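Coordinates in review
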Amino acid sequence: MIRTLLGAYIALAASDGLPVNTPKSVGMSAARLASVDRIVMRGINAGGYPGASVVIGRKGYAVYQRGFGKLGWTTSSPRVTADRSIYDLASLTKVVGTTTAAMVLYDQGRLDLNAPVSTYLPAFSGGWKDSVTVRQLLTHRSGLPSGRDLWRIARTPDEARAAVLSTNLECKPGQCYIYSDLGADVLGFVIEAVSGESLDVFLHDKVFEPLGMNDTFFRPSDSLTYRIAPTEIAPPRGYPLQGQVHDENAYALGGVAGHAGLFSTAADLSIFAQMMLNGGSYNGVRILSDTTVALFTHRAAGTRALGWDTADGDGGSGKFLDSRAYGHTGYTGTSIWIDPERQMFVLLLTNRVHAARARRPAKVISDVRADLADAAVASVVDNPDNVIAMPRTFRADKAAGWNRPVRTARKSRSHGGKAQSSKKATSKSPAKKRTSSAGKASTKPSASKSTSSTKSKSGSAKTASASKSAGRAKPAA
């Protein structure tokens, strides 16, 4: 296993992304990192996703960069490579895209976080909306619901935009936490109003192109389809998706939205992560000031930073990252975690929404995400006083709740005491509305894959308020 891992480092010498180095050179253990192979492959073998792309970096280098499996389940599907395979990022769009754009404008003195949103978007006004601030959009405390069925009610992107802006609040701004795609969309509209450019053009010109992130964009060209991981095979659009955004509401908004729509490779995202670790610059190019990076990535309300989430010992961040680490997850099976204290990041891209063969792919990706973060942290060994004990087994080794029925057969006292298998189908509890008073923990929803706007921590970022109507668009994270 270690020999295979070291061979991967040599093969990466000419690839895109960060410069490559050995784990030992940056104070990490190659033997411990080798457990990543097992963790990711267990998810594939269990049917959670057909392939995955992983990059772990530390102190300016990629020390683990590898593709696993294939883009799809067919034998003819291309193999995944970390520097070439493109994935739908889903809600990583919120941080890699929309939040970063807000940081750029804040740096330029053009965006006031405490200003009412109506200052920039007069159409977003009336009642409680008049007091919603840009900061509250970033911390998911604007009072906006998690989402709407834009794809059902809008025939054009302009109609979808109008529907977002006209959405009523569910609570008074600042008084509750609702993880909201709509809030990210409104923030995207604010960025466009302030910059005078569309969100995709602004990010390309101010962030992605200067960093050399040439495989990061909205609405990929058809010529790139063969490199893009497919997602839904039977969406409301009526045809399999490959190269179009998976999220129906982002599609209704024209494929460019504040909450979803970005596509990228793990190698490109490694450059972005290193830029953040460097305090806003990479390879001599400054994108953000170090003070702005610090401001946006520190906790601001509950576990939320500004746009970013922070590690809380649960969900995709695993149990070893501390509260100073920040990141995000995406509904399609993506995640990014950045640890400033250890100068390390962990990236995972999958398409777990593509015809998953596991009973509960959301549980598979949740466990793999957490295991990946834990394995990376446990591989840091350069501080003898703070070396994490390597787990004997990971969540992926146990695969609890991945494929076996939730309810096991029980012995019945009737029929002469013979064991009787329950014929009653296991029911999945409906997602609960995730609203709470600011700063307090909220009710977690079911981890089942539904078509509601609810997002579960097991398959995504921390959960939004649930939809009560069947058939609602799948969330971005």
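A brief report on the enclosed structure follows. The structure presented is a predicted model; accordingly, all values stated were derived computationally and were not measured. (Residues numbered from 1 in each chain as written. Predicted model: local features only at pLDDT ≥ 70, side-chain atom pairs only at ≥ 80, totals over all residues. Heavy atoms only, no water.)

A separate point is the state of the cysteines. Scanning the model with the defined rule gives one disulfide in all. Through a disulfide, Cys 171 is tied to Cys 176; the S-S separation comes to 1.7 Å. Given an S-S torsion of about -55°, the disulfide between Cys 171 and Cys 176 has left-handed geometry. The exposure class of Cys 171 is buried, given its relative accessible area of 12%. Relative accessible area serves as the criterion here: at 7%, Cys 176 is assigned to the buried category. (Disulfide = S-S within 2.5 Å. Buried < 20%, exposed > 50% of the residue type's maximum accessible area, 1.4 Å probe, protein only.)

A few words on the nonpolar core. Ranked by internal contacts, the top residues of the largest apolar core, which has 85 residues, are Leu 111, Val 117, Met 276 and Trp 308. Excluding its chain neighbours within four sequence positions, the residues that come into contact with Val 117 are Phe 124, Val 132, Thr 133, Val 134, Leu 137, Val 186 and Val 190. Counting residues in hydrophobic clusters, the runner-up holds 38 residues, among them Val 36, Val 54, Tyr 64 and Val 380. (Core = buried A, V, L, I, M, F, W, Y, C linked by side-chain atoms within 4.5 Å. Contact = heavy atoms within 4.5 Å.)

With that out of the way, let us pick up unusual backbone geometry. The residue Arg 219 is not glycine, and still its phi comes out positive at about 45°. Checked against the element boundaries, Arg 219 lands in the loop between strand S4 (217-218) and helix H10 (248-252). Its identity as a non-glycine residue notwithstanding, Asn 283 has a phi of 55°, on the positive side. Inspection of the secondary structure puts Asn 283 in the loop between strand S6 (281-282) and strand S7 (285-286). On the basis of relative accessible area, Asn 283 is assigned to the exposed category, the value being 70%. (Helix = DSSP H or I, 4+ residues; strand = E, 2+ residues; numbered from the N terminus.)

A few words on the packing of aromatic side chains. All chains considered together, the criterion is met by three aromatic pairs. Measuring from centroid to centroid gives 5.8 Å for Tyr 106 and Phe 296, while their planes differ by 65°, and the two rings are edge-to-face. Taken together, the residues span a long stretch of sequence, with Tyr 106 in helix H4 (residues 92-107) and Phe 296 in helix H12 (residues 290-297) at a distance of 190 residues. For Tyr 106, a relative accessible area of 31% translates into the label partly exposed. Take Phe 296: its relative accessible area is 0%, and that puts it in the buried class. Judged by centre distance (6.4 Å) and plane angle (20°), the rings of Phe 272 and Trp 308 are stacked. Of this pair, Phe 272 sits in helix H11 (residues 266-277) while Trp 308 sits in the loop between H12 and strand S8 (309-310), and the two are 36 residues apart along the sequence. Neither Phe 272 nor Trp 308 differs from the other in exposure class; each is buried. Ring pairs connect the aromatic residues Phe 272, Trp 308 and Tyr 326, which therefore count as one cluster. (Phe/Tyr/Trp six-rings, centres within 6.5 Å; stacked < 30°, edge-to-face > 60°.)

Moving on, we come to the environment of Asp 200. For Asp 200, the position within the fold is in helix H9 (residues 199-211). Taking the C-alpha atoms as reference points, Asp 200 and Thr 98, separated by 102 residues in sequence, lie 9.5 Å from one another. With near-sequence residues (within four places) excluded, Asp 200 lies in contact with Phe 218, Arg 219 and Val 256. At 2.5 Å, the side chain of Asp 200 and the side chain of Ser 198 are in polar contact. Within the structure, the side chain of Asp 200 is placed 3.4 Å from the side chain of Arg 219, a separation counted as a polar contact. (Polar contact = N/O pair within 3.5 Å; in protein donor to acceptor, adjacent residues only side chain to side chain.)

Looking now at the sheet that holds strand S3 (residues 87-88). With antiparallel pairing, three strands are arranged side by side in an open sheet as S3-S5-S4. Taken across any chain shown, the strands that pair with only one partner, and hence form the sheet edges, are S3 and S4. With two bridges joining them, S4 and strand S5 (residues 262-264) adopt antiparallel strand pairing. Bridged to Phe 218 within S5 is Leu 262. (Pairing = 2+ DSSP bridges.)

Moving on to the sheet that holds strand S1 (residues 51-58). Read across the open sheet, the six strands follow the order S2-S1-S11-S10-S9-S8; overall the sheet is antiparallel. The strands lining the two open edges of the sheet, one partner per strand, are strand S2 (61-69) and S8. The strands that helix H3 (residues 35-45) touches are S1 and S2; relative to S2, the one it contacts most, it runs at about 25°. The sheet strands contacting H4 are strand S9 (326-330), strand S10 (334-339) and strand S11 (344-350), and the helix crosses S9 at an angle near 125°. (Axes fitted to C-alpha atoms, helices over the stretch in contact; angles between N-to-C directions.)

Along H12, the residues classified as buried are Thr 292, Val 293, Phe 296 and Thr 297. For H12, the angular spread of buried residues about the axis comes to 115°, placing them on one side. (Arc of directions from axis to C-beta.)

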